[in-house]
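Chain and residue survey
Below are the chains, spelled out letter by letter.
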Amino acid sequence: MSKTTELIKAYLFVTLIEGILRTIIIYLVLIILPAVILMRPIVITKTFLDILIICIAASALRIYVISPILITLAYFYSFLVSANTLNFGYLSYNWEVYTFQISFFFDMSPLVFVLFATIVIPMSISAFYSYYITQATGNIRRPPVPLTGATIRDIILEILR
Amino acid sequence: MTLRHEVLISFLSVFIIFLLFTPLTLFLQDLAKGHIYFKFQHKGNEVLLILVNEGTSYLSDIIYNATAQDIYNNLYMKTGKIDSFKKGDNITIKIPLKIPNAVIIKVDLKISAKINGLYRFDFEVKRE
């Protein structure tokens, strides 16, 4: 197998792993975490697939400015889905404790605001920041390097670069 | 694009969120497991609402507004303040009735309290 084919395979592998990892982070932090805190049922719906597609596209188009925009879109989209599932923080619980039926209303909009402020905004800023840093450092002229097949170490370093 | 920043930010934000909302999680777990519960008693010319705390979380600066409605649509209200409600405490709220032994069809308790001394939350407990 030629070195070029190996590099293409490595590129596809990096793109796929990066997309999946980012989706898992988004899903864990924005959908599963608030559901666990507010004791709501956790459901994995087609949103996971939507976010996965957006994230893989963002990873594949990493050299274009659309990539941070897509990442921001993924975060905003999953935040809105999560907020909508949690009814924007206004929750009602129905628990039967002993003989007392508790219908329990709770205003948890602070959690929704905290989620937005600590996750969505910093992640969007980080996406744009790392894109512009990559652009600024990626256009420096370097001497040509010999074409070699990518090792697993190279792939992991590329993902965590 | 780098994932390193995103992994770091997500760790940090999960830490912050857990730090901020652990008291709330504890409180909700206490309610769900029945460690904090409400009892309703109807004795002669008064309705008793008893709040019992056997859980780990505590409430402070409680302002409550209890209402009871009888079968003739009379509405009885009682408001009050309680300093703290910690493990082992029982609070009895007495609502006097005009018509003794009237059938109570609805009890509504609105509570505004600080959970674990950190933040104030309003919630409402109903029984119909």
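Each chain carries its own residue numbering, running from 1 in the written order of its sequence. Note on labels: chains are lettered from A, ligands numbered from 1, in written order. Residue-level local features of this predicted model are given only where pLDDT is at least 70; pairs of side-chain atoms are given and counted only at 80 or more, and the full residue set underlies all totals for whole chains, interfaces and linings. No hydrogens and no water enter the side-chain calculation; it runs on all heavy atoms of the structure.

Overview of the sheet that holds strand S5 (residues 90-96) of chain B
Pairing between the strands of a sheet is mediated by backbone hydrogen bonds and can be parallel or antiparallel. Residues and elements named next belong to chain B. Stated precisely, the cut-off is as follows: In short, DSSP must find at least two bridges between two strands for them to pair. Helix and strand assignments come from DSSP, with helices taken as H or I runs of at least 4 residues and strands as E runs of at least 2, each series counted from the N terminus. The angle between two axes is taken between their N-to-C directions and runs from 0 to 180 degrees, where each axis is a line fitted to C-alpha atoms and a helix contributes only its stretch in contact.
Spatially, the 3 strands line up as an open sheet ordered S1-S2-S5, and their pairing is antiparallel. Looking at strand neighbours, the two that pair on one side only are strand S1 (36-43) and S5, the edges of this open sheet. Taking each pair of neighbouring strands and ignoring which way they run, the sheet shows an average axis angle of 15 degrees. Note: strand S2 (residues 46-53) against S5, 7 bridges, orientation antiparallel. Paired with Val 52 across the two strands is Asn 90, which belongs to S5.

Regarding the interface of chain A and chain B
Rules: Here, residues are in contact when the closest pair of their heavy atoms is within 4.5 Å. The term salt bridge refers to a side-chain nitrogen of Lys or Arg lying within 4 Å of a carboxyl oxygen of Asp or Glu. Any pair of nitrogen or oxygen atoms within 3.5 Å is treated as a polar contact; in protein, a donor-acceptor pairing is required on top of that, and neighbouring residues in sequence qualify only through side-chain atoms on both sides. For this classification, Asp, Glu, Lys and Arg are treated as charged, while Ala, Val, Leu, Ile, Met, Phe, Trp, Tyr, Cys and Pro are nonpolar and the rest, including Gly, are polar.
Contacts between the two partners involve 44 residues from chain A, matched on the other side by 36 residues from chain B. Inspection of the region where chain A meets chain B yields 1 salt bridge. Here Glu 6 of chain B ties to Arg 22 of chain A by a salt bridge, and the two come within 2.9 Å at their closest N and O atoms. One can count 2 residue pairs in polar contact (both at pLDDT 80 or more) joining chain A with chain B. Among the secondary structure elements, those contributing two or more residues to the side of chain A that touches chain B are helix H1 (3-37), helix H3 (66-85), strand S1 (90-97), strand S2 (100-107) and helix H4 (109-138) of chain A. Top element by residues in the side of chain A that touches chain B is H4 of chain A. It accounts for 13 residues. Of the residues assigned to the side of chain A that touches chain B, the class counts are 32 nonpolar, 7 polar and 5 charged.

Focus on the pattern of salt bridges
Note the threshold: Throughout this description, buried means an accessible area under 20% of the type-specific maximum (1.4 Å probe, protein chains only), exposed means over 50%, and partly exposed covers the range between.
All chains considered together, the criterion is met by 4 salt bridges over all chains. In this structure, Glu 18 of chain A engages Arg 62 of chain A in a salt bridge whose closest nitrogen and oxygen atoms are separated by 3.8 Å. Pair noted here: Glu 18 of chain A is in helix H1 and Arg 62 of chain A is in the loop between helix H2 (47-60) and H3, with a separation of 44 residues, a long-range link. By relative accessible area, Glu 18 of chain A is classed as buried at 0%. Linked by salt bridges that have partners in common, Glu 18, Arg 22 and Arg 62 of chain A together with Glu 6 of chain B make up one network.

Here we look at the nonpolar core
Operational definition: The definition of a nonpolar core used throughout is a set of buried Ala, Val, Leu, Ile, Met, Phe, Trp, Tyr and Cys residues joined through side-chain atoms within 4.5 Å.
The biggest cluster of nonpolar side chains holds 71 residues, and the ones touching the most others in it are Phe 106 of chain A together with Leu 24 and Leu 109 of chain B. In terms of residue count, the dominant contributor to this core is H1 of chain A (10 residues). Beyond its immediate chain neighbours, meaning those up to four positions away, Phe 106 of chain A contacts Gly 89, Tyr 90, Leu 91 and Tyr 93 of chain A together with Leu 24, Phe 27, Ile 115, Phe 121, Asp 122 and Phe 123 of chain B.

Digging into the packing of H1 of chain A against H2 of chain A
How two helices pack is summed up by the angle between their axes together with the distance between the axes. Residues and elements named next belong to chain A. Formally: If an angle is under 35 degrees, it is roughly parallel; if it is over 145, roughly antiparallel; if it lies from 65 to 115, roughly perpendicular; otherwise it is oblique. By convention, the crossing between two helices is left-handed when the near helix turns anticlockwise from the far helix through less than a right angle, and right-handed when the turn is clockwise.
Taken N-terminus to C-terminus, the directions of H1 and H2 make an angle of 135 degrees; their axes are 8 Å apart at the nearest point. Judged by the angle between their axes, H1 and H2 are oblique. By crossing handedness, the relation of H1 to H2 is classed as right-handed. Contacts from Tyr 11, Thr 15, Leu 16, Glu 18, Gly 19, Ile 20, Arg 22, Thr 23, Ile 26, Tyr 27 and Ile 31 in H1 reach Thr 47, Phe 48, Ile 51, Leu 52, Cys 55, Ile 56, Ser 59 and Ala 60 in H2.

With respect to unusual backbone geometry
Trans peptide bonds make up the majority, and among non-glycine residues the majority have a negative phi. The phi dihedral of Asn 87 of chain A falls on the positive side, at around 55 degrees, and the residue is not glycine. Relative to the helices and strands, Asn 87 of chain A is located in the loop between H3 and S1. Notably, Asp 61 of chain B is not glycine yet its phi reads approximately 50 degrees, a positive angle. Note on placement: Asp 61 of chain B falls in strand S3 (residues 59-70). By relative accessible area, Asp 61 of chain B is classed as partly exposed at 35%.

What about the environment of Leu 20 of chain B?
Structurally, Leu 20 of chain B is set in helix H1 (residues 4-33). A residue is classified by how much of its surface remains accessible, and Leu 20 of chain B, at 35% relative accessible area, is partly exposed.

Focus on H4 of chain A
Applicable threshold: Expected span of a helix, by definition, is 1.5 Å for each gap between consecutive residues, and there is one gap fewer than residues. At every residue, the bend is computed as the angle between two fitted axes, covering the seven residues ending there and the seven beginning there respectively.
The end-to-end C-alpha distance of H4 of chain A is 42 Å, a good match for the 44 Å that 30 residues give at a rise of 1.5 Å each. The largest bend in H4 of chain A amounts to roughly 30 degrees and is located at Phe 116 of chain A.

Observations concerning the confidence of the model for chain A
Interpreting fine coordinate detail is not advised for predicted regions of low pLDDT. Our working rule: Confidence of the prediction at every residue is given by pLDDT, a number between 0 and 100.
Mean pLDDT over chain A stands at 84; residues scoring 70 or higher make up 91%. Mean pLDDT across the elements of chain A bottoms out in S2 of chain A (71) and peaks in H3 of chain A (93).

Points about the side chain of Ser 13 of chain B
Along the chain, the position of Ser 13 of chain B falls in helix H1. Note on Ser 13 of chain B: relative accessible area 1%, which makes it buried. Not counting chain neighbours up to four residues away, the residues in contact with Ser 13 of chain B comprise Val 29, Thr 118 and Ile 119 of chain A.

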